[in-house]
Amino acid sequence: VATFRFPADELRGVGASVFAAAGSEEREATLIAKRLVDANLAGHDSHGVIRVPRYIRDLASGGVAANRHATVVKETGALVVVDGNNGFGQVVGGEAMAIGIAAAKKNGACILVLRHSAHLGRIADWAEMAADEGLASFHFVNVSGRGANRVAPFGGTDGRLSTNPIAAAIPRRGGAPVVLDMATSVVAEGKIAVARNRGVETPEGWLIDSDGRPTRDPRKLYEKPPGAILPFGAYKGYGLGLFVDLISGALTGAGGITHKHAIEARVENNMVAMIVDPAAMGGVKAFDAEVEAILAYVTGSKPSGKEAVMLPGDPERRTRAERLEHGIPLEEETWRQIVEAAESVGVTLQERRG
Ligand code: NAD
């Protein structure tokens, strides 16, 4: 499959012009494009500009609404509940986090609930936002609505859970934070869509077909009846994914995997974030020293292969540096889908790039 390299700036421009033409105010259009391209730069193409056609379809069907903002529903000391009003996650996610960060600084900690957001993208974005302010955070995000049931429970044969990601970041003195950001399925669903667009097989252990048999064909996930993605780490990933739905779907009152939205096409992300100020715990100095001691000890393990032990977040930083220099690879099929989506809102893009 042909792959083209695009400079990040060019893709940001494409995204911004498409979302502006689709009805987003300039700030929103720019923000959506920035977050999508950031995901490509991090190497998570599943959450990059491949989403443009989906978002445009969701706008048309009412699955997401343009120019909405987060509103505070409840603030009781350390608990802050925010409604995303079905706005773009790239916008309401940032607004909710800003509210949660302020509350954590004031109270020492905050349990932030963001309900009814459209796709929140790469959850690391929100953890990094807190880390930039010197705060540690843990995030649990569920998905409800159309086709969210993509992940088979351990021991089951069809999709009954979503990819329910978790993320966490720990700020580091004078350096980039440690950032863990992962689906509780073997991989995020979008990675199966990327494999399908690339026309490649997925690795063993990622997928089952609609009869519950192992398959390496990414198309099986999207057939009718659909196949399913497996949880990571067998019953442990299943258990974690289940708890994400119980916490972010049930505990918040936002709705979990069985929730039916009034608009059938709607897909929601609901996030529970625990944001903690190290200053309110054991003090920043002790925290910084302990973090560095732990990280140095863990990464000091003799490498099993050629590479030194990495920290969560290191692979994304490395890919970002490489892609900023050499461009973001997009397969021909993904570019074609973006061109088509752009056309549907009256924006003409070049058919092909060499
Ligand atoms: P993944 O399987 O690539 O795992 C990523 C995590 O593993 C990162 O924290 C990365 O730094 C770490 N990692 C990878 N290799 C490492 C190594 N050698 N040493 C140390 N750490 C390493 O990613 P995924 O599970 O497919 O998730 C991809 C993205 O999808 C994430 O950004 C997630 O937030 C996003 N997602 C979003 C939603 C949503 O509904 N919004 C749903 C699912 C996933």
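Up top is the structure these notes are about.
Attention here is on the structure that accompanies the text. Values in this document were obtained by computation on a predicted structure and should not be read as measured data. (Residues numbered from 1 in each chain as written. Predicted model: local features only at pLDDT ≥ 70, side-chain atom pairs only at ≥ 80, totals over all residues. Heavy atoms only, no water.)

Overview of the sheet that holds strand β8 (residues 207-208)
Thought 1: The three strands are arranged β9-β8-β10 in an open sheet whose pairing can be described as antiparallel. Strand pairing shows two members of the sheet lacking a second neighbour, β9 (214-215) and β10 (228-229), which therefore form its edges.
Thought 2: The pairing of β8 with β10 spans two bridges and is antiparallel. Directly across from I208, in β10, lies its bridge partner A228. (Pairing = 2+ DSSP bridges. Helix = DSSP H or I, 4+ residues; strand = E, 2+ residues; numbered from the N terminus.)

Comments concerning the side chain of D58
Thought 1: Looking at the secondary structure, you find D58 in helix α3 (residues 52-61).
Thought 2: Not counting residues within four places of it along the chain, the set of residues in contact with D58 comprises G63, V64, R146 and A265. (Contact = heavy atoms within 4.5 Å.)

Overview of the nonpolar core
Thought 1: Of all hydrophobic cores here, the largest spans 31 residues; its most connected members are L11, F19, V49, F88, W335 and L349.
Thought 2: Those elements that provide at least two residues to this core are β1 (3-6), α1 (8-21), α2 (26-41), α3, β12 (328-331) and α10 (332-344).
Thought 3: Ranked by residue count, the leading element in this core is α2, at six residues.
Thought 4: Setting aside residues no more than four positions away along its own chain, F88 makes contact with F19, S24, E28, I32, Y55, L59, V64, A65, A66, G93 and A118.
Thought 5: Ranked by size, the runner-up nonpolar core spans 22 residues in total, among them V92, A96, A103 and A104. (Core = buried A, V, L, I, M, F, W, Y, C linked by side-chain atoms within 4.5 Å. Buried < 20%, exposed > 50% of the residue type's maximum accessible area, 1.4 Å probe, protein only.)

Examining helix α5 (residues 124-131)
For an α-helix, the turn length of 3.6 residues means that residues three or four places apart are oriented alike.
Thought 1: Summarising burial for α5: six of the eight residues are buried, a large majority.
Thought 2: Taken together, the buried positions of α5 are A124, D125, W126, A127, A130 and A131.
Thought 3: Among the structural elements, α2, α4 (89-107), β5 (136-145), β6 (166-172), β7 (175-182) and β11 (267-276) are those in contact with the buried residues of α5.

Examining α3
Thought 1: Where α3 is concerned, the buried positions are V52, P53, Y55, I56, D58 and L59.
Thought 2: Positioned one or two residues after α3, G62 has a phi angle of 85 degrees, which is positive.

Regarding the packing of aromatic side chains
Thought 1: One pass over the full model with this rule turns up five aromatic pairs.
Thought 2: Taken together, a centroid distance of 5.9 Å and an interplanar angle of 75 degrees make the contact between F19 and F88 edge-to-face. Here the residue F19 occupies a position in helix α1, and F88 occupies one in the loop between β3 (79-83) and α4, the gap between them amounting to 69 residues.
Thought 3: Residue F88 is classed as buried on the basis of its relative accessible area, which comes to 2%.
Thought 4: A centroid spacing of 5.5 Å and a plane angle of 75 degrees characterise the contact between F154 and Y235, whose relative ring orientation is edge-to-face. Pair noted here: F154 is in the loop between β5 and β6 and Y235 is in helix α7 (residues 234-251), with a separation of 81 residues, a long-range link.
Thought 5: Classification of F154 by relative accessible area gives partly exposed; the value is 47%.
Thought 6: Every member of this aromatic cluster is reached through a ring pair, and the members are F19, Y55 and F88. (Phe/Tyr/Trp six-rings, centres within 6.5 Å; stacked < 30°, edge-to-face > 60°.)

Observations regarding the site of the ligand
Thought 1: Taken together, 24 residues lie around the ligand, and D181, A183, K191, G313 and E316 are the ones closest in.
Thought 2: One nitrogen or oxygen atom from the side chain of H47 is found 3.1 Å from a nitrogen atom belonging to the ligand.
Thought 3: Contact distances for the ligand include 2.8 Å between an oxygen atom and a backbone N or O atom of A183.
Thought 4: The fraction of the free accessible surface of the ligand (870 Å²) that becomes covered by protein chains is 80%.
Thought 5: Listed by contribution, the elements that provide at least two residues to the shell around the ligand are β7 and α9 (314-326). (Near = heavy atom within 4 Å. Polar contact = N/O pair within 3.5 Å; in protein donor to acceptor, adjacent residues only side chain to side chain. Areas by Shrake-Rupley, 256 points an atom, 1.4 Å probe, with all protein chains shown as cover.)

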